[in-house]
Amino acid sequence: MKKRSRFHQLLLSFGMLCAAVPAWAAEQGKSEGGLFAGDIGNVFWTVLIFGIVLFILGKFAWGPILSQLQAREEFIHDSLAKADEARTAAERQL
């Protein structure tokens, strides 16, 4: 539990640092460019990295996630059917 807390603190600190960098750059007068400056190089690398991440997720992550979701859906459907059967059986006994 303590390691998880340290990880979250580190992640929060990193996020705050990333959020503060643009403000620091604006104070220094270095805000000519940026992420959304319209540079075609940024667009190319963003699309390329997005495609790589999409491929990796499709290859390794989505299959197990979808199979677990389908198993959960079947479990819920079966549980609802059993509950309905139990309710009708109880009504018959009354």
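If you tally the helices and strands in the protein, you get 2 helices and 0 strands. When the 94 residues of the protein are sorted by exposure, 1% land in the buried category. When the accessible area of the protein is evaluated, it comes to approximately 9100 Å², of which 68% is carbon and sulfur surface.

With that out of the way, let us pick up the pattern of salt bridges. Applying the stated criterion across every chain yields a total of 2 salt bridges. With a shortest N-O distance of 2.6 Å, Asp84 and Arg87 are connected by a salt bridge. One end of the pair is Asp84 and the other is Arg87, both in helix α2 (residues 40-93) and 3 residues apart, which spans about a single turn. Asp84 gets classed as partly exposed once you look at its relative accessible area, which sits at 37%. Arg87 is paired through a salt bridge with Glu91; the nearest N and O atoms lie 3.1 Å apart.

Attention now moves to the packing of aromatic side chains. Scanning the entire structure with this criterion turns up 1 aromatic pair. Seen in terms of ring centroids, Phe44 and Trp45 are 5.1 Å apart; in terms of plane orientation they differ by 75°. Their pairing is edge-to-face. Assigned by exposure class, Phe44 and Trp45 land together as exposed.

Rules of the game
- Residues numbered from 1 in each chain as written.
- Predicted model: local features only at pLDDT ≥ 70, side-chain atom pairs only at ≥ 80, totals over all residues.
- Heavy atoms only, no water.
- Helix = DSSP H or I, 4+ residues; strand = E, 2+ residues; numbered from the N terminus.
- Buried < 20%, exposed > 50% of the residue type's maximum accessible area, 1.4 Å probe, protein only.
- Areas by Shrake-Rupley, 256 points an atom, 1.4 Å probe, with all protein chains shown as cover.
- Salt bridge = Lys/Arg side-chain N within 4 Å of Asp/Glu carboxyl O.
- Phe/Tyr/Trp six-rings, centres within 6.5 Å; stacked < 30°, edge-to-face > 60°.

Without other data, these values stay purely geometric and don't point to any function.
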